[in-house]
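Breakdown of the fold
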Amino acid sequence: MKPASLTDEQWALLKQYRFQKWNPSSEGGTDAMLLFDEGEMVRYLEGRFSLMGAHDLKTAGSLFMKRYAFVAALGMLAATFWNRKLNLSPDNLVLVDHVNENGLWLPKVCLKDDEAGEFTSTSEKEDFIQSLFSDHLDKIIGVLKHSAKLPNLILWENVAVYLFWIYENDAFVTGKTIHDRKERDFAQLLSDENSHWFGMYNKNPLNRYYTEKERVEGLEDEIRVRKTCCFSYRLENGEQFRCKTCPQTCKVKRMVHESN
Ligand code: SF4
C-alpha cells in the first residue's frame, strides 16, 4: 500500500453523497463505533424517529441501513474506480444528522482521518473489501437484526441496491482500464467463491438480488424489482413517496391496504 490522497474533485464527488472530511469544530455527531452496541443502536434510532418520520424500530433500522450502505458503496467506488483505500474503520467515522429540503433524513458520514492509500496488489484490495464487509457492514447488520428485529435479507438488499448502483453507473468510468476493473470487481463481489468476504456465509449475500431488470407498468425505464420490503411506506416524511417508483410486490404494504 502506498500513501496517497484523494483529489479535490474526488472529495467533491463523495460530498455529493454526504461523505466528507470531518470538521470537529462545526459538526456534532455520533461515532459509528458506538452503534456496534445494541443498546446504543436502539437509543440512536429512537432518538431519530421524528427526524426520520418513523414510529417503530424496524422502519427506522431499515432506513438507517439504507443510509449506512453508502459506507460500502462509496468505499467500493474509491477502491474500484480510483484504486484508493479510504479509512472506513468504524472508529474513523462520525454520523452527522441532516434532513434535506424534502424532509428526507440523509446523515453525513464524516471521516476523522481523511488520508487514503493506493492499492499496489490484488491481495491488499481483497483484504480491504473483506474488512469493509465482514468486520464492519456485517457486524452492523447483526446489531440491527437483534436490536430492531430486522431480517438479514432486508438489510443486505438495502446494501445491495446501492452497490449495484455504483457498478452499473457509467458516470464513474473514465477509460478502458477502469471499465475492465469495474467488471472484474463487480463479478468478484457477486461470486459465491467470495462469500467469506461478507462474513460467515456459504452463499454470497448480494448475489440473490442481482436479478434482470424488467419493464414495469407506469415506469419508462426497466428496473430491478426489490425482493424484500424496506418499510419506507411506513415513514411519514418524503421517503414514503419513493415507494411509487418501487414496484416490488410489497406484501406487507399490500396486507396493510387490504386490511383497511
Ligand atoms: S414499496 Fe418498495 S420502497 Fe416502498 S416500502 Fe416496499 S420495498 Fe420499500
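Residues numbered from 1 in each chain as written. Predicted model: local features only at pLDDT ≥ 70, side-chain atom pairs only at ≥ 80, totals over all residues.

1. Considerations on the overall build of the chain
On a plain count of helices and strands, the chain comes out with 8 helices and 7 strands. In terms of C-alpha radius of gyration, the chain reaches 18 Å, essentially the compact-globule figure of 18 Å for 260 residues. Each principal axis of the C-alpha distribution contributes one length, and for the chain these read about 60 × 45 × 35 Å. Split into buried and exposed, the 260 residues of the chain put 33% on the buried side. Put simply, 66% of the contacts in the chain that link residues at least 6 apart link residues at least 24 apart. (Helix = DSSP H or I, 4+ residues; strand = E, 2+ residues; numbered from the N terminus. Rg over C-alpha atoms; globule rule 2.2 N^0.38 Å. Buried ≥ 20, exposed ≤ 12 C-beta atoms within 10 Å, placed from the backbone. Contact = placed C-beta atoms within 7 Å.)

2. What about the sheet that holds strand E3 (residues 30–31)?
Here 4 strands make up an open sheet; going across it, the order is E2-E6-E5-E3 and the pairing mixed. Looking at the sheet topology across the chains shown, the edges are occupied by strand E2 (19–21) and E3. When E2 meets strand E6 (residues 108–111), the two strands line up parallel, connected through 3 bridges. Bridge pairing in E6 links Phe-19 to Val-109. (Pairing = 2+ DSSP bridges.)

3. A look at the sheet that holds strand E7 (residues 116–118)
Adjacent strands of a sheet pair through backbone hydrogen bonds, lying either parallel or antiparallel. Sheet architecture is open: 3 strands sit in the order E1-E7-E4, paired in antiparallel fashion. The open sheet has two free edges, formed respectively by strand E1 (2–4) and strand E4 (84–86), since each of these has just one partner strand. The sheet shows a mean angle of 40° between the axes of neighbouring strands, taken without regard to direction. The sheet contact formed by E1 and E7 spans 3 bridges and is antiparallel. Residue pairing across strands places Lys-2 opposite Glu-118, the latter belonging to E7. (Axes fitted to C-alpha atoms, helices over the stretch in contact; angles between N-to-C directions.)

4. Things to note about the nonpolar core
Ranked by size, the top nonpolar core spans 63 residues in total, and within it Phe-70, Ala-72, Ala-73, Val-159 and Leu-163 carry the most contacts. Residues within four places of Leu-163 in sequence aside, it is in contact with Ala-72, Ala-73, Met-76, Leu-189 and Leu-206. (Core = buried A, V, L, I, M, F, W, Y, C linked by C-beta atoms within 7 Å.)

5. Concerning unusual backbone geometry
Residue Arg-18 is not a glycine yet carries a positive backbone phi of 65°. Along the chain, Arg-18 falls in the loop between helix H1 (8–16) and E2. Judged by C-beta crowding, with 18 C-beta atoms within 10 Å, Arg-18 ranks as partly exposed. Phi is positive for Lys-149, which is not a glycine, with a value near 55°. Within the element layout of this structure, Lys-149 appears in the loop between helix H5 (122–147) and helix H6 (152–167).

6. So, the packing of H5 against H6
Where H5 meets H6, the axes come as close as 10 Å, and the angle between the chain directions of the two elements is 140°. As the angle between them shows, H5 and H6 are arranged oblique. Crossing of H5 over H6 shows right-handed handedness. Residues Leu-137, Ile-141, Leu-144 and Lys-145 of H5 form the contact with H6, whose participating residues are Asn-152, Leu-155, Trp-156 and Val-159. Class assignment of the residues belonging to the contact of H5 with H6 gives a composition of 6 nonpolar, 1 polar and 1 charged. (Parallel < 35°, antiparallel > 145°, perpendicular 65-115°, else oblique. Left-handed = near helix turned anticlockwise from the far one by under 90°. Nonpolar A, V, L, I, M, F, W, Y, C, P; charged D, E, K, R; others polar.)

7. Structural notes on the pairing of E6
Bridge analysis of strand E5 (residues 93–96) against E6 gives 4 bridges, and the strand direction is antiparallel. By the bridge assignment for E6, Val-96 is matched with Lys-108.

8. With respect to the environment of Ser-195
Counting through the fold element by element, Ser-195 comes out in the loop between helix H7 (176–190) and helix H8 (251–259). In this structure the C-alpha to C-alpha distance between Ser-195 and Gln-130, which are 65 residues apart in sequence, comes to 9.7 Å. Excluding anything up to four places from it in sequence, Ser-195 contacts Tyr-201, Asn-202, Lys-203 and Asn-204.

9. A few points about the pairing of E5
Where E3 and E5 come together, 2 bridges link them in antiparallel fashion. Note that in E5 the partner of Asp-31 across the bridge is Val-94.

10. As for H5
Between its terminal C-alpha atoms H5 stretches 36 Å, which fits the 38 Å expected from 26 residues at 1.5 Å a residue. A bend of about 30° at Asp-138 is the largest found in H5. Along H5, the residues that are buried comprise Phe-128, Ile-129, Leu-132, Phe-133, His-136, Leu-137, Asp-138, Ile-140, Ile-141, Leu-144 and Ser-147. Looking at the buried residues of H5, the elements they touch are helix H2 (38–46), helix H4 (57–82), E4 and H6. Trailing H5 by a residue or two, Lys-149 shows a phi angle of about 55°, which is positive. (Expected span 1.5 Å × (residues − 1). Bend = angle between axes of the 7 residues up to and from the residue.)

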